[in-house]
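If you want the building blocks of each chain, they are given just below.
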Amino acid sequence: MKGDVYYGKGIRELKDEYPDLYELVSDINDTVWDGNVLDYKTQKLIAIGITASRADPRATKKQIRSAIEVLGITKEEIVDVLRVVLLTSGMPAFSKSLQILNSVVASMEEDENEE
């Protein structure tokens, strides 16, 4: 993944304890996120849609946060993705994901104001 941005604790532990496995995971991420046809931003928006449609709050939060922090993806762009989630996965997945988005944005704004 671009810039080795990993959020899972297990991946960080791999780096120190099992560098060969960490390298394997890194290689897989580089292959997936290579932007061969779709650019990284588009791929990240797809990842948000997938995690949101699965109503996976932890993964959705991590995808949204990294999209905003790493790629500068806007709230409005993410809402466009969530509109597709509403159409394809229904109101519960949409509503939960919108709440997560608003929470992430609010948290990031708080962090900015504290600096």
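Residues numbered from 1 in each chain as written. Predicted model: local features only at pLDDT ≥ 70, side-chain atom pairs only at ≥ 80, totals over all residues. Heavy atoms only, no water.

Structural notes on helix 4 (residues 57-71)
- In this model, helix 4 (15 residues) spans 20 Å end to end at C-alpha, consistent with the 21 Å of a helix rising 1.5 Å per residue.
- Within helix 4, burial applies to Thr60, Gln63, Ile64, Arg65, Ser66, Ala67 and Ile68.
- Considering only its buried residues, helix 4 is in contact with helix 3 (40-53), helix 5 (75-89) and helix 6 (91-114). (Helix = DSSP H or I, 4+ residues; strand = E, 2+ residues; numbered from the N terminus. Expected span 1.5 Å × (residues − 1). Buried < 20%, exposed > 50% of the residue type's maximum accessible area, 1.4 Å probe, protein only. Contact = heavy atoms within 4.5 Å.)

Some thoughts on the side chain of Thr60
- Looking at the element boundaries, Thr60 is found in helix 4.
- Within polar-contact distance, the side chain of Thr60 engages the backbone oxygen of Thr51 at 3.1 Å. (Polar contact = N/O pair within 3.5 Å; in protein donor to acceptor, adjacent residues only side chain to side chain.)

A closer look at the confidence of the model for the chain
- For the chain, per-residue confidence averages 89 on the pLDDT scale, and 92% of positions sit at 70 or higher.
- Confidence, read as mean pLDDT per element, is least for helix 1 (residues 9-17) in the chain (77) and greatest for helix 5 (98). (pLDDT = per-residue confidence, 0-100.)

Brief notes about the environment of Ala67
- Structurally, Ala67 can be placed in helix 4.
- On the basis of relative accessibility, which here comes to 0%, the residue Ala67 falls in the buried class.
- Sequence-wise, Ala67 and Lys41 are 26 residues apart; in three dimensions their C-alpha atoms are separated by 7.8 Å.
- For Ala67, the contacting residues outside a window of four places in its chain are Lys44, Ile48, Gly72 and Ile73.

Quick word on the packing of helix 3 against helix 5
- Two elements in contact, helix 3 and helix 5, have axes separated by 9 Å at closest approach and are oriented at 40°. Taken together, the axes of helix 3 and helix 5 are oblique relative to one another. The handedness of the crossing between helix 3 and helix 5 comes out as right-handed. Of helix 5, the residues touching helix 3 (which contributes Lys41, Leu45, Ile48, Gly49, Ala52 and Ser53) are Glu77, Ile78, Val81, Leu82, Val85 and Ser89.
- Per-class residue counts for the contact of helix 3 with helix 5 are 7 nonpolar, 3 polar and 2 charged. (Axes fitted to C-alpha atoms, helices over the stretch in contact; angles between N-to-C directions. Parallel < 35°, antiparallel > 145°, perpendicular 65-115°, else oblique. Left-handed = near helix turned anticlockwise from the far one by under 90°. Nonpolar A, V, L, I, M, F, W, Y, C, P; charged D, E, K, R; others polar.)

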